[in-house]
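Residues per chain are reported as follows:
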Amino acid sequence: MALLENPLEHPEKFHISKDLGFILEDPLEELPDRYQVWVKLAKNLPSLVEKGQFREEAEQLPELSIDQLQGYKEERLAHLALAVITMGYVWQDKNTKEVLPRNIAVPFWNLSEKLGLPPILVYADCVLANWKKKDPLGPMTYDNMDTLFSFPGGDCSKGFFLVSLLVEKAAASSMKAIADIFEAVKKKNSESLKESLQSVASSIYEAYETFQLVHEHVNPDDFFNILRVYLAGWKNCSFLPKGLIYEGVSEIPKEFAGGSAAQSSIMQCFDALLGIQHTTENDEKSAKYLEEMRNYMPSPHKRFLEAVASQSSVRDFVSSSDDTELKKAYNDCVKALVYIRNYHLQVVNTYIISPSNKQDSEKGQKSSDDEVKGTGGTNLLIFLRSVRDTTKQALLEES
């Protein structure tokens, strides 16, 4: 049971905050003058789409080199702005474009390579870096926050992105406990480990409580019929079956999955910490998809998850212990994850499955719920049920 260096001893090298976890702290709102055209166009997306003018404006952008972007936060804001522009260009009016023009494609591709991200809107863009406080001195609460960029559909994107962010923030309260967990295992301190695991379980339940805000701030019809269109990717996508051509980069279409909660580093972090495996004898797809989604996270976050997973000592330590209370504390973390994943299934039913069935009914069609795809390109219910069930299987015998 080899123990490596505690990954959280130097969180800054992974671009992780001890308070906010994987959320980008205090994102920039503006770029240097020459790049501000990207921010301005991305901010105007909803009104320009409504007028049918967004693509025309996007085609007028100058082709800029990314060489004068300075620092990580400028690069993250530029990636977010170019990602928003890309989604607007491809999906405006559901009249799909198969080629992204070079003035957007070339800088977006180059910047994505530098950040270790794909050239598409990812969770790290629209959730983790897409926020600001109205009152800079006030708290991070829904009423005191706004998004930097939004999509058509009124306040739907604000609600969806900010509630997702607040779920991340609630779960991030466990980051300090994660550092203590590694230390406790290293020193074989069962009492300290017990306390830290209880803290992790509490943070996951707090994330679950926060998740319920979605019903207050996101309208299911607006989400399904408007916002979801702009979050879709071009992998396993019937509208772009071959993918998207990035002009000036490659003449061969490229396939990338759309934004997905599977790209949340904090949820995969809990799995890695607790040694939860999502592969079963009958199903390797879920584990492979989650592994693939790590490539849709900023590369420092992906390295952090790999560092946590490489230790895999927490589950071994707990399962080999005779301490029933310690096993209960571990199981409480697993049960909390099952709880939030069950709730995710309920939310998906409200926001995707029910509207999809309604749409099919209006068209006189009938398809299986299991065929409905998520924005990440998976068969949504099959994937979420599989992840929930394999999480449940990680429970240890307590007696």
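Let me begin by describing the structure that accompanies this report. A quick note: this is a predicted structure, and the numbers were derived from the prediction, not measured.

Running from N to C, helix 8 (residues 175–186) and helix 9 (residues 190–211) cross one another at 155 degrees; their axes reach a closest spacing of 9 Å. Taken together, helix 8 and helix 9 sit at an angle that is classed as roughly antiparallel. As helix 8 packs across helix 9, the resulting crossing turns out to be left-handed. Across the interface between the two elements, A177, D180, I181, A184 and V185 of helix 8 pack against S192, L193, S196, L197, S199 and V200 of helix 9. Across the contact of helix 8 with helix 9, the residue classes tally to seven nonpolar, three polar and one charged.

Now for the state of the cysteines. One pass over the full model with this rule turns up zero disulfides. Here C126 is not cross-linked by a disulfide; its sulfur's nearest cysteine counterpart is in C156, at 12 Å. C237 forms no disulfide, and the closest cysteine sulfur to it belongs to C126, at a distance of 17 Å.

This brings us to the pattern of salt bridges. Taken as a whole and judged by the stated rule, the model has eleven salt bridges. In this structure, E63 engages R102 in a salt bridge whose closest nitrogen and oxygen atoms are separated by 2.8 Å. Of this pair, E63 sits in the loop between helix 3 (54–59) and helix 4 (72–91) while R102 sits in helix 5 (residues 102–115), and the two are 39 residues apart along the sequence. Via salt bridges that share partners, E191, K194 and D323 belong to a single interconnected network.

A word on the environment of S238. Within the secondary structure, S238 is located in the loop between helix 11 (220–231) and strand 4 (245–246). Residue classification places S238 among the exposed residues on the basis of a relative accessible area of 66%.

Reading guide: rules and limits
- Residues numbered from 1 in each chain as written.
- Predicted model: local features only at pLDDT ≥ 70, side-chain atom pairs only at ≥ 80, totals over all residues.
- Heavy atoms only, no water.
- Axes fitted to C-alpha atoms, helices over the stretch in contact; angles between N-to-C directions.
- Helix = DSSP H or I, 4+ residues; strand = E, 2+ residues; numbered from the N terminus.
- Parallel < 35°, antiparallel > 145°, perpendicular 65-115°, else oblique.
- Left-handed = near helix turned anticlockwise from the far one by under 90°.
- Contact = heavy atoms within 4.5 Å.
- Nonpolar A, V, L, I, M, F, W, Y, C, P; charged D, E, K, R; others polar.
- Disulfide = S-S within 2.5 Å.
- Salt bridge = Lys/Arg side-chain N within 4 Å of Asp/Glu carboxyl O.
- Buried < 20%, exposed > 50% of the residue type's maximum accessible area, 1.4 Å probe, protein only.

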